[in-house]
Amino acid sequence: MKSIRWIQNVLINDEPATLEVMMGVHTIADKCYVRVNQEQEHWFNPQSDQRDLILQQGKSMLQQLLKEHTVSLPDGEPFDWN
């Protein structure tokens, strides 16, 4: 089973973490979720079948989930959600 994923290694409150957006299991937009580290997946119905739009939707969901936390790149620079 091939999946389409966007994975980013970051720091959350200065602790190493991984952000993940899965954009499809077999084809783009067939099944989608967001996840932080190995926490439970947050499944969603994509509003589009275009990769960039699904990714933006997933990143917006992650940003909302992490709104109370500081997210930065491993080198300490601020994480760019765009």
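The shown structure was predicted, so the numbers you read here are calculated from the model rather than taken from an experiment.

Reading the values: rules and limits
Residues numbered from 1 in each chain as written. Predicted model: local features only at pLDDT ≥ 70, side-chain atom pairs only at ≥ 80, totals over all residues. Heavy atoms only, no water. Core = buried A, V, L, I, M, F, W, Y, C linked by side-chain atoms within 4.5 Å. Buried < 20%, exposed > 50% of the residue type's maximum accessible area, 1.4 Å probe, protein only. Helix = DSSP H or I, 4+ residues; strand = E, 2+ residues; numbered from the N terminus. Contact = heavy atoms within 4.5 Å. Pairing = 2+ DSSP bridges.

(A) Spatial organisation of the nonpolar core. Counting residues in each nonpolar core, the largest one holds 18 residues, and the members touching the most others are Trp-6, Ile-12, Leu-19 and Leu-62. Looking at this core, the elements with two or more residues in it are β1 (4-12), β2 (15-24), β3 (32-36) and α1 (51-65). With four residues, the single largest contributor to this core is β2. Setting aside anything within four residues of it in sequence, one finds Ile-12 in contact with Ala-17, Leu-19, Val-36, Leu-66, His-69, Thr-70 and Val-71.

(B) Main features of unusual backbone geometry. Located in the positive-phi region is Asn-13, a residue other than glycine, with phi close to 50°. Mapping Asn-13 onto the fold places it in the loop between β1 and β2. We note that Asn-37 has phi near 55°; this positive angle belongs to a residue other than glycine. When you line up the elements, Asn-37 lands in the loop between β3 and β4 (42-44). Judged by its relative accessible area of 32%, Asn-37 is partly exposed.

(C) How the structure looks around the pairing of β2. Among the 10 residues in β2, seven count as buried, and that is most of the element. Relative to β2, β1 runs antiparallel, the two being bridged by nine bridges. Each bridged residue has a counterpart across the sheet, and for Gln-8 the counterpart in β2 is Leu-19. Taking the residues between adjacent antiparallel strands as the criterion, β1 and β2 are bridged by two residues, where Asn-13 takes a positive phi near 50°. Bridging between β2 and β3 involves four bridges; their strand directions are antiparallel. Bridged to Leu-19 within β3 is Val-36.

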